[in-house]
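Residues per chain are reported as follows:
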Amino acid sequence: MSLFDLSMTEIHTRLKNRDLTSTDLVEESFKRIKEVEKEVQAFLLIDEESARNKAKQIDEEIKQSEELGILAGLPAGVKDNIVTEGVTTTCASKILANYQPIYSATVYKKILAEQSIMVGKTNMDEFAMGSSTEHSAFHPTYNPWQLDHVPGGSSGGSAAAVAAGEVYYALGSDTGGSIRQPASFTGTVGLKPTYGLVSRFGLVAFASSLDQIGPITKNVEDAAYVLQAIAGYDPYDSTSANVQIPNYLSALTGEIKGLKIGVPKEYMGEGIEPKVKEKILAALKVFEGLGATWEEVTLPHTEYAVATYYILAPSEASSNLARYDGVRYGVRADSAENLIEMYKKTRSEGFGSEVKRRIMLGTYALSSGYYDAYYLKAQKARTLIKQDFENVFEKYDLILGPTVPTTAFKIGEKISDPLTMYINDVLTVPVNLAGLPAISIPAGLVDGLPVGLQLIGKHFDESTILKAAYAFEQYTEHHKLKAPVRRG
């Protein structure tokens, strides 16, 4: 049995009783990395020396004090778009291949303050633009369940590292489903918090009005622990919400009698793989058995969500990525004869095809003569999508459906067809457009690949989705299944 099979509560107890050390946990992580990383390729950077030194430091702190951080001793993966002082942060892009930040993201500081240990930076789609982690400039990541399949994206490295047992938990970011979709594909738990609940300071921006950092974990209890550590107001983030942070762990009662669930007909209709739909209907039976009730509801503007997202997100990306010009930081192209040529060569050589595609889409949507026709109209559609959710939440506590319409697809299957890849996000992007919290939890296997169940909550009501997810988890065994790390 791996030490990572222990619950966080059990680890805390053993650390306090001196039956376990942070060094033991870090060595468990590196042992597993040595066993499977060559196959999975979840990491872009592994920082053994720093992790071991940090573990020794924490062990000394534990000897001196009875107080333990809530993430004490736990080895973590950190997505490579979360800046880490003195540790290379590339966003899986050639243009930042040599970038070492001079400051750390607020979330990174928070997990360190809770005595967690970063063992490495996880792979991702370049600048978080993608749904398969095939768009990394350095190498793809492979799904631990079947190595010829994708782990999802853009936080595929973080999800794969947790699913393969390389780290206890990982941090990801979610702009249109980039935590929940890879969690669904890898049989892990992925939580996208309410926009503004977790600081974005130090998260390299893709689409600033949509991006949100959150945890990928083995189970719901672990997600509650990590959220407790990273949630909270941050004056360095102008979009951070100054709200009271509840005790998320106290929500994990297993009691959901009387909970009202809405199931959108748009999330269970055309395009949803029949076997995936069966798993969701089976999950609803579990919720019924626990005393919850559900009814079919409608989110009528769902059909416009993908189009809306793929105008707004590239538009924001076009603006945010203008800073990568080879002047201030990052890679600079050689042999340019003047400034304009240096800009062009740096960006054409430094950015990958998917990033270039989205910059061009966004620049076009924002350009004179097209702004009203595309960007402004998309903002209006976003408001309608948000209102759809508000109307449902007047009567229901939660919205439930699949996280993704299908299970993981094969490596290379969709990379040359960006439109098909974009449609894969149909059930996740509405949540980001509305700024809502949502969680993906394991709902079983179809042909040996995991299916994700998505629970969507009201703004800043992470407690309810955690409560419902935990109750479901207690009455099922799906989260206990382990990825075999083998070819299908």
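Model, not experiment: these values are computed from the prediction.

Quick notes on the overall build of the chain
Next, step 1: Helix and strand counts for the chain come out as 15 helices and eleven strands.
Next, step 2: Here the chain has a C-alpha radius of gyration of 21 Å; the compact-globule value for 488 residues is 23 Å, and the two agree.
Next, step 3: A burial count over the chain gives 60% of its 488 residues as buried.
Next, step 4: Taking all contacts inside the chain whose residues are at least 6 apart in sequence as the whole, residues at least 24 apart take part in 76%.

Focus on the sheet that holds strand E4 (residues 169–173)
Strand pairing within a sheet occurs via backbone hydrogen bonds; the two strands may be parallel or antiparallel.
Next, step 1: The strand order across the open sheet built from eleven strands is E1-E3-E2-E4-E6-E5-E10-E11-E9-E7-E8, with neighbouring strands paired in mixed fashion. Both edges of this open sheet fall to strand E1 (43–46) and strand E8 (293–297), since each of them pairs with a single strand only. Within this sheet the neighbouring strands show an average axis-to-axis angle of 30°, counted without direction.
Next, step 2: The pairing of strand E5 (residues 189–192) with strand E6 (residues 213–217) spans two bridges and is antiparallel. Each bridged residue has a counterpart across the sheet, and for Val-189 the counterpart in E6 is Thr-217.
Next, step 3: Packing of helix H8 (residues 274–289) onto the sheet brings it into contact with strand E7 (260–264), E8, strand E9 (398–402), strand E10 (438–446) and strand E11 (449–456), and relative to E11 it is tilted by some 50°.

Digging into the pattern of salt bridges
Next, step 1: Overall, the coordinates contain 16 salt bridges when judged by the stated rule.
Next, step 2: Asp-174 is the salt-bridge partner of Arg-180, the closest N and O atoms lying 3.0 Å from each other. Note on accessibility: Arg-180 and Asp-174 belong to one class, buried.
Next, step 3: One salt bridge in this structure joins Lys-275 and Asp-447, with 3.3 Å as the shortest N-O distance. Within this pair, whereas Lys-275 is found in helix H8, its partner Asp-447 is found in the loop between E10 and E11, the two being separated by 172 residues in sequence.
Next, step 4: Residue Lys-275 is classed as partly exposed on the basis of its relative accessible area, which comes to 41%.

What about helix H4 (residues 106–113)?
Next, step 1: Buried within H4 we find Thr-106, Val-107, Tyr-108 and Ile-111.
Next, step 2: On its buried side, H4 packs onto strand E2 (75–79), strand E3 (117–122), E4, E6 and helix H7 (220–230).
Next, step 3: At the exit of H4 stands Gln-115, carrying a positive phi of roughly 70°.

Observations regarding the packing of aromatic side chains
Next, step 1: Scanning all chains against the criterion turns up 15 aromatic pairs.
Next, step 2: Look at Tyr-99 and Tyr-329: their rings are 5.6 Å apart centre to centre, the planes differ by 35°, and that puts the pair in the tilted class. Here Tyr-329 lies in the loop between helix H9 (305–320) and helix H10 (339–350) and Tyr-99 lies in the loop between E2 and H4, a separation of 230 residues in the sequence.
Next, step 3: Ring geometry for Tyr-324 versus Tyr-329: centroids 6.0 Å apart, planes at 75°, classification edge-to-face.
Next, step 4: Classification of Tyr-324 as buried rests on a relative accessible area of 4%.
Next, step 5: Through pairs of rings, three or more aromatic residues link up here, namely Tyr-99, Phe-127, Tyr-324, Tyr-329 and Phe-351.
Next, step 6: We note Lys-218 situated over the ring of Tyr-168; from NZ or CZ to the ring centre the distance is 3.5 Å.

A look at the UniProt feature "domain: Amidase" (unreviewed entry) in the chain
Next, step 1: The sites that carry the UniProt feature "domain: Amidase" (unreviewed entry) are, in the present numbering, residues 24–466.
Next, step 2: Taken as a whole, residues 24–466 contains 37% helix and 14% strand, while its terminal C-alpha atoms sit 30 Å from one another.

Quick notes on the layout of surface pockets
Next, step 1: Approximately 790 Å³ is the volume attributed to the largest pocket.
Next, step 2: In terms of lining, the largest pocket is formed by 34 residues, of which the most central are Phe-4, Asp-5, Lys-218, His-479 and Lys-482.
Next, step 3: Those elements giving two or more residues to the lining of the largest pocket turn out to be helix H2 (22–40), helix H5 (156–163), H7 and helix H15 (462–474).
Next, step 4: Tallying contributions element by element places H2 first for the lining of the largest pocket, with four residues.
Next, step 5: Taken together, the residues that form the lining of the largest pocket break down as eleven nonpolar, eleven polar and twelve charged.

What counts and how
Residues numbered from 1 in each chain as written. Predicted model: local features only at pLDDT ≥ 70, side-chain atom pairs only at ≥ 80, totals over all residues. Heavy atoms only, no water. Helix = DSSP H or I, 4+ residues; strand = E, 2+ residues; numbered from the N terminus. Rg over C-alpha atoms; globule rule 2.2 N^0.38 Å. Buried < 20%, exposed > 50% of the residue type's maximum accessible area, 1.4 Å probe, protein only. Contact = heavy atoms within 4.5 Å. Pairing = 2+ DSSP bridges. Axes fitted to C-alpha atoms, helices over the stretch in contact; angles between N-to-C directions. Salt bridge = Lys/Arg side-chain N within 4 Å of Asp/Glu carboxyl O. Phe/Tyr/Trp six-rings, centres within 6.5 Å; stacked < 30°, edge-to-face > 60°. Lys NZ or Arg CZ within 6 Å of the ring centre and 35° of its normal. UniProt positions renumbered as here; feature names shortened; annotations may be inferred. 1 Å grid on protein atoms, 1.4 Å probe; cavity = no way out; pocket = protein on both sides within 12 Å on 5 of 7 lines; lining within 4 Å. Points joined across faces, edges and corners; volume = space filled by probe spheres on them. Nonpolar A, V, L, I, M, F, W, Y, C, P; charged D, E, K, R; others polar.

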